[in-house]
Amino acid sequence: MLEIKNLHAGINGKEILKGINLTVNKGEVHAIMGPNGSGKSTLSSVLVGNPAFKVTEGEVIYQGKNLLELSPEDRSREGIFLSFQYPVEIPGVSMVNFMRAAVNEHHKYKGLPPVSATDFLKLMREKRSIVELDNKLAGRSVNEGFSGGEKKRNEIFQMAMLEPILAILDETDSGLDIDSLRIVATGVNKLRTPENATIVITHYQRLLDYIKPDVVHVLYNGRIIKTAGPELALELEKKGYDWLKTEAEE
Amino acid sequence: MKAEQQYIDLFTQYEDLIRQHSSAVLNAPRKQALEDFERLGFPSVKGEDYKYTDVGQAFAFNYGINLKRIDIPVNPYDVFRCDVPHLSTSLYFVVNDTFYEKRLPNVDLPEGVYIGGLKTFTELYPDVAERYYGKATSSNKDGIIALNTMLAQDGFVVYVPRDIVVKRPIQLIQIFRSDVDTMANRRVLVIMEPHSQAKLLVCDHSIDDVKFISTEVIEVFAGEGAFFDYYDLEESTESTTRFTSLHVKQEASSNVLVNGITLNNGLSRNNYYIELNGEYAESTLCGMSILDREQQVDTYTHITHAAPHCTSNELFKNVLNDHSTGVFSGRILVKEGAEKTAAFQSNRNLCATRESRMYSKPQLEIYADDVKCSHGMTTGQIDEAALFYLQSRGIPQEEARMMLSIAFTADVVDNIRLDGLKERLHNLVEKRFRGELAHCAGCRGCQ
């Protein structure tokens, strides 16, 4: 589904990703872990086409297409979704209008007719319940005045609405209390199918107790320095990252 | 004095004609107005208040004025069907600067209420008219007001006696209709006696592509405990220039809302003078403009707190595209003794292109000790993070930009206290951003 080959990228002329290689197949959950500043968020930003980041080398093949040539909106319509680490507040744009616009753009791309008002509200209701998001929040402006937990739940709600093929969760657990964490993780698990895949970017093992990864990668200094099964996450939890850093530097 | 001279000559030559086609109350201040105009002239770009709008140049052109009050062959009811869903209004028309008397709306107005032409009003109620006409402002205030007072022959009046509530919103459509370049000198007089209530929506339209220029003086008297809403919607053309001067005098516990929205125009200079003269009076003054091409809106506001315990809230927003220009100059004056004043001013602007220009100048002048005042100004671009967020959900960049521009102006529209109008304006603003209102659509655009 996704193949990243020797990806180099940076911001403001500073190279952050220094040759990433990663393959994700459908049905899989990959966890990308690593200390602060290792390039985790840069990787997710590059995958969704954030214009602040420049790719200098390498390629990304997604569903047989050259992903890096697609605009951010086309990547979304092709089924890529990023749950933002810091969801943006947009005063004056209501969640309803935002989601209606997004869903209809996805429909248009697939050659489907726009969704009717009643069907849309039904869809909203149904997907909202997945992350126990209050009806009142759905009527408000995008993320405006939402608590940290509400913002993250709102991300997963949007994911439920858009039904992505590849979901990237960027530090979705940060700033979450234990109840919100459970709700968010349960939501993500409900959305899993044998046809889609998930990349979970996280600092801690905590989220992985709820969302079970098939593969765990450790990103350090712009490179993946170790790839193993889910047991790696537990090991990191116990031993920290230092032993890997030493290993990598040797 | 080049631009001024043609108006002085015109007045001197046609004074009798002007008087003949007007009324005694309107004629009374003309002489003084001429003197004031000769002395003041048009405001100069060298002065601080008109730095960005060349008034003399705007008036230098040779416009026709309908001094003889010749009937304009237009039936406004044919041109406009402003049948707004959820907003049924009592609809009146001013064609250029003449009140359209031929067909008036079929409404049962509460007893004593007068809504209609200014000339007729001054003839029917000369005492009331004399007490209020030209009393919220004066021709010695600035040259454009003086010129308007010299030449105005008719206008529109809302007169609501004490304790009366006019439930049905009043709508005045002022249209420019002419085959030749034309000037209109418009007046609106609103008299709200104590504890009366009314809402007025004024829509400015131009239905021909010739050059138009208007001067307009709007006077609003809000008596003790009166409630009044004034919505001003300009949807004219690039070849339309307008100079409006709104003067509101508020007595104790009165509540006045002014919301001026420019959806399409050429050059507009809108002056707002609000005086809070009685305790616990409340004023909301807001407005917005959506500008592109070479359009310009120059907003000047002056709120005077002359009594204690009054509140004013001011919010102006501009969205600027292409080579457009926005100006905001907002002055708040808190006079000595106006303790417990609460005055808030905010001006926010979105410059979507490098070539667009926004000039903003807030001014606070406070001579009382116990007051709460604030002002804030920002001018910036579309928030890139928000833009990317919308795009990352599949919304095309152009669409996302539009959504953010619409959102930017949403709070000004939300200030509207008439639900049907609020809805309609949200809709119109969206159409404007989508380029569906590129030309004045008349009120057909409102449907």
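Criteria and cut-off values
Within each chain, residues carry numbers counting from 1 in the order of the written sequence. Just so you know, chain letters begin at A and ligand numbers begin at 1, following the order they were written in. Totals for whole chains, interfaces and linings use all residues, but because this is a predicted model, local features are given only for residues with pLDDT of at least 70 and pairs of side-chain atoms are given and counted only at 80 or more. For every residue, the other C-beta atoms within 10 Å of its own C-beta are counted; 20 or more classify it as buried, 12 or fewer as exposed, and values in between as partly exposed. C-beta atoms are placed from the backbone. Labels follow the DSSP assignment, with helices taken as runs of H or I lasting at least four residues and strands as runs of E lasting at least two, numbered in each case from the N terminus. When DSSP locates at least two bridges between a pair of strands, those strands are taken to pair. To define axes, lines are fitted to C-alpha atoms, for helices over the stretch in contact only, and angles between the resulting N-to-C directions are given on a 0 to 180 degree scale. Think of it this way: build a C-beta for each residue from its backbone, and any pair within 7 Å is a contact. Nonpolar core, as used here: buried Ala, Val, Leu, Ile, Met, Phe, Trp, Tyr and Cys residues forming one set through C-beta atoms within 7 Å.

Trainee: Help me understand the pairing of strand E3 (residues 29-33) of chain A, please; the structure alone is not making it clear to me.
Mentor: On a regular strand, one side chain projects to one face of the sheet and the next to the other, so that they alternate. Residue and element names in this part refer to chain A. For E3, the buried fraction is high: 5 of the 5 residues fall into the buried class. Here E3 shows no split at all, with Val29, Ala31 and Met33 on one side and His30 and Ile32 on the other all buried. Pairing of E3 with strand E10 (residues 197-202), which is carried by 5 bridges, proceeds in the parallel orientation. Bridge pairing in E10 links Val29 to Thr198.

Trainee: Explanation requested: the sheet that holds strand E16 (residues 325-334) of chain B in the structure shown.
Mentor: Residue and element names in this part refer to chain B. Overall, mixed pairing links the 9 strands, which are arranged E3-E4-E6-E8-E10-E12-E14-E16-E18 in an open sheet. Of all strands in the sheet, those with a lone pairing partner are strand E3 (114-117) and strand E18 (357-366), marking the two edges. Pairwise comparison of adjacent strand axes, ignoring direction, gives a mean angle of 5° for this sheet. For E16 and E18, the ladder comprises 10 bridges, and the chain directions are parallel. Paired with Ser329 across the bridge in E18 is Lys361. Against the sheet, helix H8 (residues 143-151) contacts strand E6 (182-192), strand E8 (212-222) and strand E10 (240-250), and its axis sits at roughly 90° relative to E8.

Trainee: Is there a simple way to think about the sheet that holds strand E5 (residues 170-176) of chain B in this case?
Mentor: Hydrogen bonds between backbone atoms are what pair the strands of a sheet, whose relative direction is either parallel or antiparallel. Residue and element names in this part refer to chain B. The mixed open sheet is built from 10 strands, whose spatial order is E2-E1-E5-E7-E9-E11-E13-E15-E17-E19. Of all strands in the sheet, those with a lone pairing partner are strand E2 (98-99) and strand E19 (371-380), marking the two edges. Across 6 bridges, strand E1 (residues 90-95) lies against E5 in parallel orientation. Bridge pairing links Phe93 to Ile173 in E5. Packing of helix H10 (residues 397-414) onto the sheet brings it into contact with strand E13 (282-291), strand E15 (311-320) and strand E17 (341-351), and relative to E15 it is tilted by some 160°.

Trainee: Before we go on, may I ask you to explain the nonpolar core in this structure?
Mentor: Buried together is how nonpolar side chains tend to be arranged in soluble globular proteins. Among the nonpolar cores identified, the biggest contains 186 residues, and A:Ile168, B:Val158, B:Val190, B:Met192, B:Leu200, B:Val220 and B:Phe228 are the most heavily contacted of them. The element best represented in this core is H10(B), accounting for 8 residues. B:Val158 has contacts with B:Ile115, B:Ile170, B:Val190, B:Ala198 and B:Leu200, leaving out every residue within four places of it along the chain.

Trainee: Help me understand unusual backbone geometry in this model?
Mentor: A negative phi angle characterises most non-glycine residues, just as the trans form characterises most peptide bonds. The phi torsion at A:Glu132 lies on the positive side, around 50°, for a residue other than glycine. Along the chain, the position of A:Glu132 falls in the loop between helix H4 (117-130) and helix H5 (135-139). Judged by local crowding, A:Glu132 falls into the partly exposed class, with 14 C-beta atoms found within 10 Å. Look at B:Asp163: it is not a glycine, yet its phi comes out positive at around 65°. Mapped onto the elements, B:Asp163 comes out in the loop between strand E4 (156-160) and E5. The class for B:Asp163 is partly exposed, based on 14 C-beta atoms found within 10 Å.

Trainee: Is there a simple way to think about the environment of A:Asn143 in this case?
Mentor: Residue and element names in this part refer to chain A. Turning to its location among the elements, Asn143 is positioned in the loop between strand E8 (141-142) and helix H6 (148-162). Assessed through the 23 C-beta atoms surrounding it within 10 Å, Asn143 is described here as buried. With residues up to four places along the chain from it excluded, the contact list for Asn143 reads Pro87, Val88, Glu89, Ile90, Lys151 and Asn154.

Coordinates in, geometry out; function isn't part of it.
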